[in-house]
Amino acid sequence: MIRLERISKAYGNLEVLSNVSLEIKKNEIITIVGPSGAGKTTLLQIAGTLDRPDFGIISYDDQDIGAFNDKRLSEFRNRNIGFIFQFHQLLPEFTACENVAIPAMIGGTSRKKAMAKAAELLDMLGLSERLRHKPAQMSGGERQRAAIARALINEPKVIFADEPTGSLDSRNRDEICSIIADLRQRLGQTFVIVTHDPTITTIADRVVKMADGRIVSEENRRISPEELESVP
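Scoring rules and cut-offs
- Going along each chain's sequence as written, the residues are numbered from 1 onward.
- Residue-level local features of this predicted model are given only where pLDDT is at least 70; pairs of side-chain atoms are given and counted only at 80 or more, and the full residue set underlies all totals for whole chains, interfaces and linings.
- Water and hydrogen atoms play no part in the side-chain values, which are based on all heavy atoms of the structure.
- A run of H or I in DSSP becomes a helix once it reaches four residues, and a run of E becomes a strand once it reaches two; helices and strands are each numbered from the N terminus.
- C-alpha atoms define the radius of gyration, and 2.2 Å times the number of residues to the power 0.38 defines the globule rule.
- Only protein chains enter the calculation, and the probe is 1.4 Å; a residue is then buried if its accessible area is under 20% of its type maximum, exposed if over 50%, and partly exposed in between.
- Whether two residues are in contact is decided by their heavy atoms: any pair within 4.5 Å suffices.
- Should DSSP find at least two bridges between two strands, the strands are regarded as paired.
- Axis lines are fitted through C-alpha atoms, for helices just across the contact stretch, and the angle between N-to-C directions can take any value from 0 to 180 degrees.
- Each angle is binned into one of four classes, with values under 35 degrees roughly parallel, values over 145 roughly antiparallel, values of 65 to 115 roughly perpendicular, and all other values oblique.
- For a crossing to be left-handed, the near helix must be turned anticlockwise from the far one by less than a right angle; the clockwise case is right-handed.
- In this classification, Asp, Glu, Lys and Arg are treated as charged, Ala, Val, Leu, Ile, Met, Phe, Trp, Tyr, Cys and Pro as nonpolar, and every other residue, Gly included, as polar.

Here we look at the overall build of the protein
Along the backbone of the protein there are eight helices and 10 strands. Computed over the C-alpha atoms, the radius of gyration of the protein is 17 Å, within 12% of the 17 Å expected from 2.2 N^0.38 for a compact globule of 232 residues. Each of the three principal axes of the protein carries a C-alpha extent, and together these read 50 × 40 × 30 Å. Expressed as a percentage of the 232 residues in the protein, the buried residues total 49%. Considering only intrachain contacts with a sequence separation of at least 6, the fraction spanning at least 24 residues in the protein is 69%.

Things to note about the environment of Leu187
Tracing the backbone shows Leu187 in helix H6 (residues 170–187). A residue is classified by how much of its surface remains accessible, and Leu187, at 44% relative accessible area, is partly exposed. When neighbours within four sequence positions are excluded, Leu187 is seen to be in contact with Met124, Leu152 and Asp182.

Brief notes about the sheet that holds strand E5 (residues 63–64)
Strand order in this open sheet of four strands is E2-E1-E4-E5, and the pairing throughout is antiparallel. Each edge of the open sheet is held by one strand with a lone partner, namely strand E2 (14–24) and E5. Pairing between strand E1 (residues 2–11) and strand E4 (residues 55–60): five bridges, direction antiparallel. Looking at the pairing, Glu5 lines up with Ile57 of E4.

Some points on helix H3 (residues 96–106)
Within H3, eight of the 11 residues are buried, leaving the element largely enclosed by the surrounding structure. Among all positions of H3, only Ala96, Cys97, Glu98, Asn99, Val100, Ala101, Pro103 and Ala104 are buried. Remark: Gly108 follows H3 within two positions and exhibits a positive phi of approximately 105 degrees.

Some remarks on the sheet that holds strand E9 (residues 206–211)
Spatially, six strands are ordered E6-E7-E8-E3-E9-E10 in an open sheet, and the strand pairing comes out mixed. Bordering the open sheet on either side are strand E6 (81–84) and strand E10 (214–220), each of which pairs with just one other strand. Direction aside, neighbouring strands of the sheet carry axes that sit 20 degrees apart on average. Against the sheet, helix H5 (residues 140–152) contacts E6 and strand E7 (158–162), and its axis sits at roughly 170 degrees relative to E6.

Focus: the packing of H5 against H6
Interhelical geometry of H5 versus H6 gives an angle of 20 degrees and a closest axis separation of 10 Å. Relative to H6, the element H5 lies roughly parallel. By crossing handedness, the relation of H5 to H6 is classed as right-handed. Of H6, the residues touching H5 (which contributes Gly141, Gln144, Arg145, Ile148 and Leu152) are Asn172, Glu175, Ile176, Ile179, Leu183 and Leu187. Its residues placed into classes, the contact of H5 with H6 shows six nonpolar, three polar and two charged.

Side note on the packing of H3 against helix H4 (residues 111–124)
Packing of H3 against H4 leaves a shortest axis separation of 8 Å and a crossing angle of 125 degrees. Relative to H4, the element H3 is oriented oblique. Once H3 is placed against H4, the crossing between them reads as right-handed. Contacts from Ala96, Cys97, Glu98, Val100, Ala101, Ala104 and Met105 of H3 reach H4 at Arg111, Ala114, Met115, Ala118, Ala119, Leu121 and Leu122.

Considerations on unusual backbone geometry
For Asp62, which is not glycine, the phi dihedral falls at a positive 65 degrees. Tracing the backbone shows Asp62 in the loop between E4 and E5. Judged by relative accessible area, which is 68%, Asp62 ranks as exposed. With a phi close to 50 degrees, Glu155 is a non-glycine residue in the positive phi region. When you line up the elements, Glu155 lands in the loop between H5 and E7. Residue Glu155 is classed as exposed on the basis of its relative accessible area, which comes to 60%.

Some details on the pairing of E4
Relative to E5, E4 is paired through two bridges, and the arrangement is antiparallel. Following the sheet pairing, Ser59 is matched in E5 by Asp64. A loop of two residues connects E4 with E5, the two strands running antiparallel in sequence, and Asp61 in this loop sits at a positive phi of about 50 degrees.

Written out as structure tokens, the structure is:
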């Protein structure tokens, strides 16, 4: 579904990515692991079109998006890509439902329809009683579930997550892992996750290890439905 070919990126004299190639398949959960400074987040940002590589090709469904101008790329990103960050990045002045609905409204959906869909997603993620709550009135796990709902609102091809459990305690971490596994099963959603958390790798189809701006290994894992259901 997504192909990165010979991606390189430098900031001044610092080479962050060097000739990285990676394929991402539909309905796959990939975790990208490695030490700090390995280039994981930079690769995620480039794959998610938040940054551009110095060299290399990024294609979605065989469409080279490297030539898109910023406006077209922004529109493509809104329609096709969702993001989850370590810190939820919810806007504090808006309710949970409004936060989730914002990407849909940016994409042209009416406020009424966007809010209705946001409410459905929040209900699916167990937040039906938090629709009108602002982020400060929600727990860390609830805020991250709202962030997942926001990432899903435009039915993206892929969700990129950067340390989605990094700021959570063990109970909420396990809950988020279970939600990600369930969304892949229920919706056929694709996830690419940068993480230092070994718990998330247990639900991955593939673990990509990076070091010094390169992919050093890929471990393919075949996960049975029983194994997915056993995630806490």
